[in-house]
Amino acid sequence: MSRFEDISTPRRTKEIISRHGFSFKKSLGQNFLIDQNILYKIVEAAGLDEDKGALEIGPGIGALTEKLAQTAGTVTAIEIDQRLIPILREVLEPYENVKVHHGDVLKVDLHELFQQDFGGVSKVSVVANLPYYVTTPILMKLLEEKLPLENIVVMIQKEVAERMAAAPGSKDYGSLSIAVQYYSEPKLVCIVPHTVFIPQPNVASAVIRLAVREEPPVSVEDEGFFFEVVQASFAQRRKTIANNLKSRFFAGEGRERLEQLLQEAGIVPSRRGETLSIEEYAKLSNVLYNADIR
């Protein structure tokens, strides 16, 4: 078998796994992509070129890494499974523009990593097939740390992707939608069947692109408090915004004070959290913050 056959073909994937005696760890959410078309869609969505860099999280045996190396100027991959490091170094040996690090992305100092690995590129995007059990913590770390990112293009569980891209008033809209949309502009790229993975996951997947914003779409007095208000508003979805906020912020205050502040923010107390736009949440959190409600 030619070493230059794409890693992502079913035949090459199985050969690499077999030759190294690799066994999948369910606890790490390992599902390797074996579909060329999906890989090309992921890389294309990132808008990479030889002047840009790509950070991959969880490269597996390097199927996506290989495509990134052929498109981007610099590629860095972070892999948590020590058993995969020698495999990655072997299969990616032809590509001089790839660095592989062993580590947990949730514990890595990403600002330091960016300085070390991406000093000579114009823009960097995260491109990854993320383990589903840890998708949200990874994405929120990438967004909250305000890294110099252009795009985040990831394969994640379809249900989670739909929640991230959801609009106000829809059943999928919630605190995750607002958090992601505060930092980025999400767009679903494609739905992915479970048949294009080894082993096959039990859930449908989707590729989503988060175009990272240079500035948030709204102005808030305090980011931490803004997200507290959003979380509280979705604490119990069937409750009204007034009842959810009373439980969290107005336990010792009268209902009249709460309704007065909601009126000041232009929000009818009987509305539910999923009907408010990000702009309305910003106005509400600012009104509560300036009224010294914590």
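Counting restarts for each chain: residues are numbered from 1 in the order of the written sequence. Local features are withheld for residues below a pLDDT of 70 in this predicted model, meaning they are given only at 70 or higher, and side-chain atom pairs are given and counted only at 80 or more; totals for whole chains, interfaces and linings count all residues. Excluded from the side-chain calculations are hydrogens and water; all other atoms, namely the structure's heavy atoms, are used.

Enquirer: What should I look at first to understand the environment of serine 125 in this one?
Expert: Among the secondary structure elements, serine 125 is positioned in strand β5 (residues 124-129). Separated by 156 residues in sequence, serine 125 and tyrosine 281 place their C-alpha atoms 29 Å apart. With residues up to four places along the chain from it excluded, the contact list for serine 125 reads Ala46, Leu48, Gly53, Ala54, Leu55, Leu149, Glu150 and Asn151. A 3.5 Å cut-off defines polar contacts: any pair of N or O atoms within that distance qualifies, except that in protein one atom must be a possible hydrogen donor and the other a possible acceptor, and neighbouring residues in sequence count only when both atoms are side-chain atoms. Within the structure, serine 125 has its side chain in polar contact with the backbone nitrogen of asparagine 151 (distance 3.2 Å). The secondary structure listing takes helices from DSSP runs of H or I that are at least 4 residues long and strands from runs of E that are at least 2 residues long, numbered from the N terminus. Here, two residues are considered to be in contact whenever any of their heavy atoms come within 4.5 Å of each other.

Enquirer: I would appreciate a short explanation of the UniProt feature "domain: Ribosomal RNA adenine methylase transferase N-terminal" (unreviewed entry) in the chain in the present structure.
Expert: As recorded in UniProt, the sites labelled "domain: Ribosomal RNA adenine methylase transferase N-terminal" (unreviewed entry) are residues 38-214. Strand forms 28% of residues 38-214 and helix 33%; the C-alpha atoms that close the span are 28 Å apart. UniProt positions are given in the numbering used here, feature names are shortened, and annotations may be inferred rather than shown by experiment.

Enquirer: For this particular structure, what's the right way to read the side chain of lysine 52?
Expert: Structurally, lysine 52 can be placed in the loop between α2 (36-46) and β2 (53-57). Note on exposure labels: buried denotes an accessible area under 20% of the residue type's maximum, exposed denotes more than 50%, and partly exposed covers the range between, all computed with a 1.4 Å probe on protein chains only. The exposure class of lysine 52 is buried, given its relative accessible area of 12%. Of the polar contacts made by the side chain of lysine 52, one reaches the side chain of glutamate 150; its length is 3.2 Å. Each residue touching lysine 52, except ones within four places of it in the same chain, is listed here: Gly47, Ala72, Gly73, Thr74, Val121, Ser122, Lys123 and Glu150.

Enquirer: Got a minute to help me understand the pattern of salt bridges in this structure?
Expert: Two side chains that carry opposite charge are able to pair once their charged atoms sit near each other. Salt bridge, as used here: a side-chain nitrogen of Lys or Arg that lies within 4 Å of a carboxyl oxygen of Asp or Glu. A complete count under the given rule lists 15 salt bridges for this structure. Salt-bridge contacts for arginine 19 lead to glutamate 15; the nearest nitrogen and oxygen are separated by 2.5 Å. On the criterion of helical spacing, the pair formed by arginine 19 and glutamate 15 is a turn pair, its members being four residues apart in helix α1 (residues 10-19). A residue is classified by how much of its surface remains accessible, and arginine 19, at 44% relative accessible area, is partly exposed. Taking the shortest distance from any N to any O, the salt bridge between lysine 123 and glutamate 150 comes out at 3.9 Å. Residue lysine 123 is found in the loop between α5 (110-117) and β5, and its partner glutamate 150 is found in strand β6 (residues 149-157); the two are separated by 27 residues along the sequence. Relative accessible area serves as the criterion here: at 42%, lysine 123 is assigned to the partly exposed category. A network of salt bridges, in which partner residues are shared, links Asp6, Glu66 and Lys67.

Enquirer: Explain helix α12 (residues 278-290) here, please?
Expert: Side chains three or four residues apart in an α-helix point the same way, a direct result of the helix having 3.6 residues per turn. For α12, with 13 residues, the first-to-last C-alpha span of 18 Å sits near the 18 Å given by 1.5 Å per residue. Three or more residues of α12 are buried, namely Ile278, Tyr281, Ala282, Leu284, Ser285, Asn286, Val287 and Leu288. Buried-residue contacts for α12 involve α8 (175-183), α9 (223-233), α10 (241-249) and α11 (255-264). After α12 finishes, the residue aspartate 292 shows a positive phi value of roughly 65 degrees. To estimate the expected span of a helix, subtract one from its residue number and multiply by 1.5 Å.

Enquirer: How should I be thinking about the packing of aromatic side chains in this particular structure?
Expert: The description of an aromatic ring pair rests on the distance of the ring centres and on the angle between the ring planes. Stacked, edge-to-face and tilted labels apply to pairs of Phe, Tyr and Trp rings (six-membered ring for Trp) whose centres lie within 6.5 Å, assigned for plane angles under 30 degrees, over 60, and everything in between, in that order. If you walk through the whole model with that rule in mind, you get 13 aromatic pairs. Ring geometry for phenylalanine 22 versus phenylalanine 24: centroids 5.5 Å apart, planes at 80 degrees, classification edge-to-face. For the pair tyrosine 173 and phenylalanine 234, a centre-to-centre distance of 6.2 Å together with 70 degrees between the ring planes defines the contact as edge-to-face. Within this pair, whereas tyrosine 173 is found in the loop between α7 (158-165) and α8, its partner phenylalanine 234 is found in the loop between α9 and α10, the two being separated by 61 residues in sequence. Residue tyrosine 173 shares its accessibility class with phenylalanine 234, and that shared class is buried.

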